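# Overview (structure and organization)
As a plain string of letters, each chain reads:
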Amino acid sequence: MKHLTRAIIAVFMAVLMGTLLPVQVFADTPDYISEVKVFMGDYSAAESEGYTLLGNGSNPVDLNQNAGGGLGSKGEKAVYLGYKTTQVRSEAISDLALMNMKGGYDVAEYTALMNQQMKSQILPFIEKFQATIDEYRANYASNNRSNKQRASYIHDMLDKMIDDDTGSGLGTLLLNPTKQELGDAAYNALPDAEKKQHADLATIIAQSNGQATLMLENLLTRAADNNSDSWIDRFAEINYDKLVDFTGMAPTDANKELAKLYDDDAYLLLQQWNDLSKELLSYDDAVEKVDNYVVPDLEALKAEIASVDKDTDAEEFQRLTEEYVEAQKKEKEIQNCTEIIAIYDMLDETDYGDGTMLDFFTQDYDEVEDDVTMLYPLVASLTNGQRAGLEFVSLRELMLIAITTVEGYGSVNLDEIEEVSIYDGVDRGIYEKGGVALTSDAIRTKALNKVQEENSKLSGWSIATIALTGACFLALAGSAISWAVYASKFKAVAHEVNLTLVELEMAYPRINGKVVHWSLNEALKFSDKETQALYKCYAAKSAMCKYMTVGFGIAMIVFAGITTWLTWRDMCAYYDVKFSPIPHYMVDEKDIIGYNKKGEKIMLKNQSAYYKAVDCNRTESDEMFKALGTCADMNGDVGRQWLALYAVKNEVMEPILASSLKVVVDNAQIPAGYTTGIHMFGSDAAFNLNSSLYDWNDSAPSVYIYFKTDDSTASTTGANFTAGSLALAGGAGLVLGAAITAIASATIKKKEENKTAIA
């Protein structure tokens, strides 16, 4: 088997060195929504920015139709939705949700939640994990050749992971005291340049991407254990009775003390028992697969793929890339088989109790569960650093660590593996103070239960001047009517006086031979007393009503002018909404539909999904930029509240199909085949973007955007490969070259003096 093992080493060392061709293959993969952007008013830049505008056919649809207000409002502003697509499921948007300005979210509660998480989870973990870091440092500075070589290998691997805040690789950075070890006072007193020599482990653990965090914890655990022997060697010499004797206590007290010391870690190992046992029992099948494996010529296959034009000969390109992918899968399978063989052989050659370690590790799960104390010696054989990282390495990895030789670590060349930021793919804005809000059913319900008083459109002064204008109008009307009545009566009395005047002129045209011109007042003197009284009364009242009418008319005009000005001012103030900032992120605590390892749908309870506010084309010169920045408002900045759109990319959720996006105007009926769309947080039902709850026009047409998601659990044909990418060495394959070299040593010739333990 010696020649075959060496061939496998060559294959997997080539894989580790990152010689893979960047290839991306999609077989009947649908287009997903990868990015959305809102264009308010002007959408001329959408095409040049690579966005397709949502619409009916080629006509973009205004999502804010006739939603503005009346006198004093900011008028109308059209809103359009642009989107980009991808065929990579992990890059797809899985949900689009809305939050209104007065909705149920809480910035302070999110900040408190993060602070609590830091205090209750991250800082205690760092304190516990310090033992692992200490052992890594001790091994890196050790005179023990095996330990130093192992720590040096881990150091070089960790240095491929860059902390952007310091610009250093984690391997070098963690050789120095961390910020947490120095303490805040001592750390803050350092010059900025010197601060960069000390890792802020709390920030690294809290903010780095999940893969980087697990790799860091996994690698440091592998670098732990600064003893001269391996945990397997120590385990072979320990049993439960010896542990009892070591305590120096009575058996009953010793049992309690040992349970306190080892029970939790023993159950961590128990959880992995079946996985390792099944792999060991598949030994014969693994040997057969390895014996029959033919190493493919990947270089030739890469060259052949590179020679094919995927646009003109798509079918051939597809066939070759699928062949390449299958070769990769087969390599991984053979890697797995060779590891099983090496572990099996090592355990079979190591005595333990009345049998071998192979007998011990292939015991039935139920037997071990019934007496978990049999795992106490295994836990006791691990160092404090190894135990602190026990959640990040598997039993299988512990086995590989124990059989990896110093030559195995020394033979690996990591120069061609690219450096990668530990924050790669992480939007660190979610950790900015005040930029993130928390929403949940409880918070939203609390917001809905608040009684909100709607401000009146008109101020007290406006209402008062309206009342005065009305009173003046009524007074004007009353005086005008009275004027008309008294003028009519006065006219009737004056007519009688005129008759008297005519009679006088006829009876006395001349007096003493002179022509006499009688006046109305002279004629009035010859009228009866009643007529005289009525004439004077109606003349006075008519004159008074006339002046009152003119006065009230002038007053009404003045008050009407004042009322108009005050009303305009009040309406402008009413429509001039004071927008609060839109949180850049909305953390939604919700139950999410995900998938288990079998591809079955499961409910993931109380997940926290980070939704990011969708951007828009608002610029610094726009009125609302200071308050809202570039966060989109689906009401176009002219509504009674902002209505912010949020998007999330969550791989356990189903991605949105680009072809399914559908906008429906002035029709509340759900289109056939659709169940959801752009919705409010807390509801799956598509929401009317022109709701009068948030805009001014009660009669504006409804606007709904519906979408469907891809509920297929099948992965795409092919994969993404990045030459030299550290991601290639992720997970259990991080020490691939070392492990495979160790397999050769363990299978061909076991060298006890070079065996080492990896924590």
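The present account deals with the structure reproduced in this document. Sequence positions are assigned chain by chain, starting from 1 and proceeding in written order. In keeping with the predicted nature of the model, local features appear solely for residues at pLDDT of at least 70, side-chain atom pairs appear and are counted solely at 80 or more, and the whole-chain, interface and lining totals rest on all residues. Hydrogen atoms and water are omitted, and side-chain values are computed over all heavy atoms in the structure.

## Describing empty space enclosed by the protein
Filter applied, for reference: With a 1 Å grid spanning the protein atoms alone, the term cavity applies to any set of points in which a 1.4 Å probe fits but cannot get out, the term pocket to an open set with protein on both sides within 12 Å along at least five of seven lines, and the term lining residue to any residue with an atom within 4 Å of a point. Grid points are joined across faces, edges and corners, and a volume is the space filled by probe spheres set on the points. Classes in brief: Ala, Val, Leu, Ile, Met, Phe, Trp, Tyr, Cys and Pro nonpolar; Asp, Glu, Lys and Arg charged; the others, Gly included, polar.
This model, assessed by the stated rule, comprises two cavities of 30 Å³ or more. There is about 50 Å³ of room inside the second largest cavity. In terms of lining, the second largest cavity is formed by Arg89, Ser90, Ala92, Ser94, Lys649, Asn650, Glu651, Met653, Glu654 and Pro655. Grouping the constituent residues of the lining of the second largest cavity by class yields three nonpolar, three polar and four charged.

## Some details on the packing of helix α15 (residues 298-306) against helix α16 (residues 314-348)
Threshold: Axis definition: a line fit to C-alpha positions, over the contact stretch in the case of helices; interaxial angles, taken between N-to-C directions, run 0 to 180 degrees. To qualify as a helix, a DSSP run of H or I must reach at least 4 residues; to qualify as a strand, a run of E must reach at least 2; elements of each kind are numbered from the N terminus. The cut-offs work like this: below 35 degrees is roughly parallel, past 145 is roughly antiparallel, 65 to 115 is roughly perpendicular, and the gaps in between are oblique. Each helix crossing is assigned a hand: it is left-handed if the near helix lies turned anticlockwise from the far helix by less than a right angle, otherwise right-handed if that turn is clockwise. Contacts: residue pairs with any heavy atoms within 4.5 Å of one another.
Contact pair α15 / α16: the axes reach a minimum separation of 10 Å and the direction vectors enclose 155°. It follows from the interaxial angle that α15 and α16 lie roughly antiparallel. As for how α15 packs across α16, the hand of that crossing is left-handed. Taken together, the residues of α16 that come into contact with α15 (itself represented by Leu298, Leu301, Lys302, Glu304 and Ile305) are Glu316, Phe317, Arg319, Leu320, Thr321, Glu323, Tyr324, Ala327, Gln328 and Glu331. Taken together, the residues of the contact of α15 with α16 sort by class into seven nonpolar, two polar and six charged.

## A word on the packing of aromatic side chains
How two aromatic rings sit relative to each other is set out by the distance from centre to centre and by the angle between their planes. Our working rule: Two rings from Phe, Tyr or Trp (for Trp, the six-membered ring) form a pair when their centres sit within 6.5 Å of each other. Planes less than 30 degrees apart are called stacked, planes more than 60 degrees apart edge-to-face, and all others tilted. Note on classification: 1.4 Å probe, protein chains only; a residue is buried when its accessible area is under 20% of the maximum for its type, exposed when over 50%, partly exposed between these limits. Two thresholds decide whether a charge sits over a ring: the Lys NZ or Arg CZ must be within 6 Å of the ring centre and within 35 degrees of the ring normal.
Applying the stated criterion across every chain yields a total of 22 aromatic pairs. Residues Phe129 and Phe392 carry aromatic rings whose centres are separated by 6.1 Å and whose planes lie at 90° to one another, so their mutual orientation is edge-to-face. Within this pair, whereas Phe129 is found in helix α2 (residues 107-140), its partner Phe392 is found in the loop between α20 (384-388) and α21 (395-403), the two being separated by 263 residues in sequence. In this structure, Phe129 and Phe392 share a single accessibility class: buried. On the basis of an interplanar angle of 20° and a centroid distance of 3.8 Å, the ring pair of Tyr283 and Tyr344 is categorised as stacked. Note that Tyr283 is positioned in helix α14 (residues 283-291) and Tyr344 in helix α16, a separation of 61 residues in sequence. Per residue, the accessibility class of Tyr283 equals that of Tyr344, and both read buried. Three or more aromatic residues link up through ring pairs in this structure, and these residues are Trp231, Phe235, Trp273, Tyr352, Phe360 and Phe361. Just above the ring of Tyr51 sits the side chain of Lys84; from NZ or CZ to the centre is 4.7 Å.

## A look at the sheet that holds strand β7 (residues 161-163)
Note the threshold: Strand pairing requires that DSSP identify at least two bridges connecting the strands.
Strands sit in the order β8-β7-β11 across an open sheet of three strands; the sheet is mixed. Two strands in the sheet have a free side with no partner beyond their single neighbour: β8 (168-169) and β11 (420-421). Pairing between β7 and β11: two bridges, direction parallel. The residue bridging Met161 from the neighbouring strand is Val420, located in β11.

## A look at helix α3 (residues 145-158)
Defined as follows: By this rule, a helix spans an expected 1.5 Å times one less than how many residues it contains. Think of a polar contact as two N or O atoms within 3.5 Å of one another; within protein, one of them needs to be a possible hydrogen donor and the other a possible acceptor, and neighboring residues in sequence only count if both atoms come from side chains.
For α3, built from 14 residues, the straight-helix expectation of 20 Å at 1.5 Å per residue is met to within 8% by its first-to-last C-alpha distance of 20 Å. Within α3 the residues assigned to the buried category are Ser146, Asn147, Arg150, Ala151, Ser152, Tyr153, Ile154, His155, Met157 and Leu158. The backbone nitrogen of Ser146 has a side-chain oxygen 3.0 Å away, supplied by the residue at the start of α3, namely Asn144.

## Things to note about the pattern of salt bridges
The line we're drawing: Only one rule defines a salt bridge in this text: a Lys or Arg side-chain nitrogen within 4 Å of an Asp or Glu carboxyl oxygen.
Taken as a whole, this structure holds 22 salt bridges when the rule is applied. The partner of Arg137 in a salt bridge is Glu181, with the nearest N and O atoms 2.8 Å apart. You can see Arg137 sitting in helix α2 and its partner Glu181 sitting in helix α5 (residues 179-182), a full 44 residues away along the chain. Salt-bridge contacts for Lys302 lead to Glu299; the nearest nitrogen and oxygen are separated by 3.1 Å. With a gap of three residues between them, Lys302 and Glu299 both fall in helix α15, about one helical turn apart. Here Lys302 falls in the buried class, since its relative accessible area comes to 11%. Bridged by salt links that share partners, the residues Asp285, Lys289, Lys330 and Glu333 form one connected network.

## Looking at helix α13 (residues 273-281)
Definition in use: Note that the arc is computed from the directions linking the helix axis to the C-beta atoms.
Along α13, the residues classified as buried are Trp273, Leu276, Ser277 and Leu280. Along the long axis of α13, the arc covered by the buried residues comes to 100°, so they all point the same way. Away from its buried face, by an angle of more than 90 degrees, α13 presents the exposed residues Asp275 and Lys278. Of the surrounding secondary structure, the elements contacted by the buried residues of α13 are α12 (251-270), α14, α16, α17 (357-361), α18 (365-370) and α21.

## Considering the sheet that holds strand β20 (residues 676-677)
Taken together, three strands build an open sheet; the order of strands is β19-β22-β20 and the sheet is antiparallel. For this open sheet the edge positions go to β19 (662-665) and β20, each flanked by a neighbour on one side alone. As judged from the two bridges shared by β20 and strand β22 (residues 703-707), these two strands associate in the antiparallel manner. Opposite Gly677, over in β22, you have Tyr706 as the bridge partner.

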